[in-house]
Amino acid sequence: MKFRAHDTFFIRKGWLSKGMKNVAVKPDIFVAKDENPMDVLGIGANMVKSLRYWLQTVCLTSETTKGKRIQTLTDFGTSVFANDRFIEELGTLFLLHYKLATNRDEATAWWFFFNEFSMSEFTREDFVGSLQNYLQMVEDGESVAIRSLNDDFACIISTYVPRYKSNPGKESAENNIDCPLGELGLIDILSRKAKTYKKATPAVDSINPWIAMAIISDQALGKTEISLNELLTAPGNIGRILNLDAVSMLDLLYKVEKTGCIKIIRTAGLDIIRIQRQYTFQECVDEYYRSL
């Protein structure tokens, strides 16, 4: 479990592209002695540390744990770098979000927010209190500094709520840099004055069926039949990760069904999907980019 590893910096537009480009050229970019990574990347020391963390947390890169700490592009990162280097496609953003929201070890607050936190309308206090209770009950009473949990909440909001919504008219030229994941529409503001927020359901038309299939395949773990309830409520699956309700999830599944990958069965007392074609997560990613 990890909290506040981002050093309060959310992912800025252009960061991941810049990080992939430099890792591809110089795998030791973050620990190099011959070049200053701040000069190469054009960001400050704390931001360099944050970018190093984010690249791994969204699974674009992996880093060796022994010897020289070099980074290399993962299979997923290689696909993104080859097909959407500047991260302009919504599908890429949904995939990055999926990797982030299911990374329980490296982005625990994000995982908790999308997979365990049940409130659809909430304040910072609601989230932090729920996360503290979860840690007490499930993680053998593990205690995490309240400041770290507050900073994680602030970073989650900055990740998914564009600044024109959170601070209209107050953005300085220096800070007017959003997180690209804000385009997904997964969190919205209920009241700026009361500082209340809500989980939001993205438009089903914005979700490519191969993106949904990538998540379903990754979570299926070899199963060929999955209940609709599991798809809707199980941690890591499309319902939780994409903030879907039953109606929007079914709409999305009908889109996936048209690819021939799944069959929706709602007869004889069954409410399941049957996976007709077995794809790995990476194969679904590759099919998505081929479909563009």
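Structural notes, computed from the coordinates. (Residues numbered from 1 in each chain as written. Predicted model: local features only at pLDDT ≥ 70, side-chain atom pairs only at ≥ 80, totals over all residues. Heavy atoms only, no water.)

**So, unusual backbone geometry**
Residue Asp-7 is not a glycine yet carries a positive backbone phi of 60 degrees. In this fold, Asp-7 is placed in the segment before helix H1 (15-25). Even without a glycine there, the phi angle at Lys-195 is positive, about 55 degrees. Considering the arrangement of structural elements, one finds Lys-195 in the loop between strand E4 (187-191) and strand E5 (196-199). The class for Lys-195 is exposed, based on a relative accessible area of 58%. (Helix = DSSP H or I, 4+ residues; strand = E, 2+ residues; numbered from the N terminus. Buried < 20%, exposed > 50% of the residue type's maximum accessible area, 1.4 Å probe, protein only.)

**Comments concerning the environment of Pro-202**
Locating Pro-202 in the fold gives a position in the loop between E5 and helix H10 (209-220). Judged by its relative accessible area of 5%, Pro-202 falls in the buried class. For Pro-202 and Leu-96, which are 106 residues apart along the polypeptide, the C-alpha to C-alpha distance reads 15 Å. Once residues lying within four places of it in the same chain are set aside, the contact partners of Pro-202 are Phe-94, Leu-184, Gly-185, Leu-186, Ile-207 and Leu-242. (Contact = heavy atoms within 4.5 Å.)

**Some thoughts on the pattern of salt bridges**
Going through the model one piece at a time under the given rule, you end up with 15 salt bridges. The salt bridge partner of Asp-151 is Arg-4, with a shortest N-O separation of 2.5 Å. Of this pair, Asp-151 sits in helix H8 (residues 146-160) while Arg-4 sits in the segment before H1, placing them 147 residues apart in sequence. Accessibility expressed as a relative area gives 19% for Asp-151, which makes it buried. Of the charged contacts in the structure, one is a salt bridge between Arg-274 and Glu-225, with a shortest N-O distance of 2.7 Å. Remark: Glu-225 occurs in strand E6 (residues 225-227) and Arg-274 occurs in strand E8 (residues 272-275); sequence separation between them is 49 residues. By relative accessible area, Arg-274 is classed as partly exposed at 32%. Overall, Glu-225 belongs to the partly exposed group, its relative accessible area being 40%. (Salt bridge = Lys/Arg side-chain N within 4 Å of Asp/Glu carboxyl O.)

**Section: the sheet that holds E5**
Ordered in space as E3-E5-E4, the 3 strands form an open sheet in which the pairing is antiparallel. Every interior strand has two partners, whereas the edge strands, strand E3 (121-122) and E4, have only one. Here E3 pairs with E5 via 2 bridges, running antiparallel. In the sheet register, Phe-122 faces E5, and the bridge partner there is Tyr-197. (Pairing = 2+ DSSP bridges.)

**Considering the side chain of Glu-63**
Structurally, Glu-63 can be placed in strand E1 (residues 61-63). Glu-63 gets classed as buried once you look at its relative accessible area, which sits at 13%. There is a polar contact of 3.2 Å between the side chain of Glu-63 and the side chain of Arg-69. A polar contact is formed between the side chain of Glu-63 and the side chain of Gln-71, at a distance of 3.0 Å. (Polar contact = N/O pair within 3.5 Å; in protein donor to acceptor, adjacent residues only side chain to side chain.)

The analysis is restricted to geometry; functional conclusions fall outside its scope.
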